[in-house]
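Commentary on secondary and tertiary structure
Each chain is listed here by its residues.
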Amino acid sequence: MDELREITEHLLQFAPDALIVIDDANRIRFANETVRELFGHAPQSLVGKPLDLLIPERLRANHVRHTAGFMRNPHSREMGARIADLFALRADGSEFSAGIRLAPFRIGGKLFIAAAIRDTTERRLASEELVAARKEAERANRAKSRFLATASHDLRQPMQTIQLLNASMMKFLPDAQVRELLQQQRQAIESMTRLLNALLDISRLESGAIEPVSVEVSLAEIFGELRSEFSSIARARELDLQVEAPRIVLSTDRTLFYQLLQNLLGNALKYTDRGWVRVKCATEADGVVISVEDSGIGIPADKLERIFDEYYQVDTHGTKRMGVGLGLAIVKEVARLLGFAIRIHSRVGEGTQAILRIPNKYRVASGVASVEPAPEQVAASAPRKARLFLVEDNDGVRIATELFLKLEGHETLSARTVAEAEVLLERLAPGDVLIADYHLDGKSTGLDMLLRLRERAGYDVPGVVLSGDLPSVLRSIKSPVAACHFLGKPVDTTALVDAIAELSTTAQRPPG
Ligand code: ADP
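Residues numbered from 1 in each chain as written. Predicted model: local features only at pLDDT ≥ 70, side-chain atom pairs only at ≥ 80, totals over all residues. Heavy atoms only, no water.

Re the pattern of salt bridges
Inspection of the entire model under this criterion finds 31 salt bridges. Here Arg 36 and Glu 33 are joined by a salt bridge, their closest N and O atoms 3.1 Å apart. Overall, Arg 36 belongs to the partly exposed group, its relative accessible area being 41%. The class of Glu 33 is partly exposed, set by a relative accessible area of 25%. Taking the shortest distance from any N to any O, the salt bridge between Glu 128 and Arg 124 comes out at 2.9 Å. Of this pair, Glu 128 and Arg 124 both sit in helix α5 (residues 121–172), separated by four residues, roughly a single helical turn. One network of salt bridges, with partners in common, ties together Glu 221, Glu 225 and Arg 254. (Salt bridge = Lys/Arg side-chain N within 4 Å of Asp/Glu carboxyl O. Buried < 20%, exposed > 50% of the residue type's maximum accessible area, 1.4 Å probe, protein only. Helix = DSSP H or I, 4+ residues; strand = E, 2+ residues; numbered from the N terminus.)

Put into structure tokens, the structure is as follows:
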């Protein structure tokens, strides 16, 4: 028994923490040997002294308040929620950051508080360093996003010019060899455009600038659009593309959702040399499951966990150069923003399965999204090429666009400013099409101009609106705009020609 008491006594005196006991008058009644080491006071010399002796002067008033509160409701707890707030005073007047644990107890009805105290200076420094490092990393990340957004946005105008000039030269130069070179140039332009778009997308997503705007989205419609966007690529790669069209309606951000599926389907086609690519949809108890599957090259198991990282690419059989390594990073960010879960399963040589889980709360139960019946297309007997009014404030882009459109056989009139356009547009006649840049000057957009024009003309003047930031523009439009195509910059020349052709067939006849 004596031995046990000795052990207890030893433990108490030499515990790793400094131990003190105070009474309800804040006087020290006991201090162990570790107190000497930590505070520089002889333990015995403290007994009977006020606790204030161990507290830096500037903190004493605060401490008295806290102690009073603790005495009213005594229970074991850690003192002070944030370690940075607690400091203790040594005999030599210096201070240290302290972690303190309190345990109240009673003897004969009298309240005592035992406190275990340790020096947490190192922990505090480490945590301060961690906070500073995190702040610095966040700042650097914001700067990176800003740089990426600005750089890729400003690169779009010259890219647009180069793209249009390339398309024009293709028309001008009949020589087969030159055309071959131009074709290669075009491929380089296209891959640079893809890179620009991906950089701009990821930087916008990361900077938190994008807030999803939910609307009713019919999966049948979205899947239909995916099918028409990707069917020519599938045909060119001799792949069987199957897209099921489910009758399901979701409430989500249409542009972001489409972008997510576009990236998954783009990858499936890119990394499949033979066989098939399928987009399927199933409903399960907890939600809707969309899968994009392919019979392609697959992803090695040890690479799977990194494929969502920015700029990460699996280098299999020289496929690395096919992308820029941002597609899945965009998919991950968009899925997070929309509240969906994304997983990828894959087997090398067999294929890959991307599975998107959409919780039931995003499903519109009874709503049937209004699928507008396709307007009846009356084939014009001999459609003349529409006359075009082009409004673009960037000189390079305007000159190149005008040249390209003229070579396409369109009479094209162009204006540089809103004021110039207002004068020019007085000559507008039914059948003419307006092509306008969205960001014209600080006050007015190309879309505003189109809407004003429609009000004056009294009918839906057909229009094409071009923007370097198409997703934001689309998101800002509250209701659909009839007879208007929105195209991203740098514009795909084929898409521009198709849009003009479609608008001019539906708008051949003057109204009423
Ligand atoms: P990338 O622009 O290179 O396609 P992603 O971020 O979209 O970048 O994809 C990252 C990497 O994941 C790709 O480089 C590719 O190796 C691999 N990957 C993505 N999807 C597939 C797929 N369907 N089949 C095989 N590999 C894929």
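Structural notes on the site of the ligand
Around the ligand sit 18 residues in total, of which Asn 267, Tyr 271, Gln 313, Gly 325 and Leu 328 are the nearest. In the model, an oxygen atom of the ligand is placed 2.7 Å from a nitrogen or oxygen of the Gln 313 side chain. A distance of 3.3 Å separates an oxygen atom of the ligand from a polar backbone atom of Gly 327. Out of a free accessible area of 530 Å², the ligand has 97% covered by protein chains. Among the elements of the structure, α8 (254–270) and α9 (327–338) are those that each provide at least two residues to the shell around the ligand. Of the residues contributing to the shell around the ligand, the split by class is nine nonpolar, seven polar and two charged. (Near = heavy atom within 4 Å. Polar contact = N/O pair within 3.5 Å; in protein donor to acceptor, adjacent residues only side chain to side chain. Areas by Shrake-Rupley, 256 points an atom, 1.4 Å probe, with all protein chains shown as cover. Nonpolar A, V, L, I, M, F, W, Y, C, P; charged D, E, K, R; others polar.)

Some details on the sheet that holds strand β15 (residues 412–415)
Here we have five strands laid out as an open sheet, ordered β15-β14-β16-β17-β18, and parallel in their pairing. Each edge of the open sheet is held by one strand with a lone partner, namely β15 and β18 (484–488). Between one strand and the next, the sheet's axes are offset by a mean angle of 15 degrees, whatever the strand orientation. Where strand β16 (residues 433–437) meets strand β17 (residues 463–467), four bridges bridge the pair, whose relative direction is parallel. Each residue of the ladder has a partner; that of Ile 435, found in β17, is Val 464. (Pairing = 2+ DSSP bridges. Axes fitted to C-alpha atoms, helices over the stretch in contact; angles between N-to-C directions.)

Brief notes about unusual backbone geometry
Generally, phi is negative for residues other than glycine and the peptide bonds are trans, each holding for most cases. In the segment running from Lys 489 into Pro 490, the intervening peptide bond is cis, with an omega of -5 degrees. With respect to the helices and strands, the residue Pro 490 is situated in the loop between β18 and α14 (493–506).

Quick word on the packing of aromatic side chains
We describe a pair of aromatic rings using the distance from one ring centre to the other and the angle between the two ring planes. Scanning the model with the defined rule gives four aromatic pairs in all. Taking 5.7 Å as the distance between ring centres and 15 degrees as the angle between the ring planes, the aromatic pair formed by Phe 105 and Phe 112 counts as stacked. Judged by its relative accessible area of 32%, Phe 105 falls in the partly exposed class. Measuring from centroid to centroid gives 5.4 Å for Phe 340 and Tyr 362, while their planes differ by 75 degrees, and the two rings are edge-to-face. Taken together, the residues span a long stretch of sequence, with Phe 340 in the loop between α9 and β12 (341–347) and Tyr 362 in the loop between β13 (351–359) and β14 (388–391) at a distance of 22 residues. The exposure classification of Phe 340 matches that of Tyr 362, with both residues buried. Put simply, the rings of Phe 257, Phe 340 and Tyr 362 pair up and form one aromatic cluster. In this arrangement the basic side chain of Arg 58 is found over the ring face of Phe 87, its NZ or CZ atom lying 5.4 Å from the centre. Directly above the ring of Trp 276 sits Arg 278, whose terminal nitrogen or CZ lies 3.8 Å from the centroid. (Phe/Tyr/Trp six-rings, centres within 6.5 Å; stacked < 30°, edge-to-face > 60°. Lys NZ or Arg CZ within 6 Å of the ring centre and 35° of its normal.)

Describing the layout of surface pockets
For the second largest pocket, the calculated volume is near 560 Å³. Along the walls of the second largest pocket sit 24 residues, with His 63, His 66, Met 79, Leu 86 and Ile 100 positioned nearest its centre. Among the elements that take part in the lining of the second largest pocket, helix α4 (residues 57–72) stands out by supplying six residues, more than any other. When grouped by side-chain class, the residues that make up the lining of the second largest pocket number 17 nonpolar, five polar and two charged. (1 Å grid on protein atoms, 1.4 Å probe; cavity = no way out; pocket = protein on both sides within 12 Å on 5 of 7 lines; lining within 4 Å. Points joined across faces, edges and corners; volume = space filled by probe spheres on them.)

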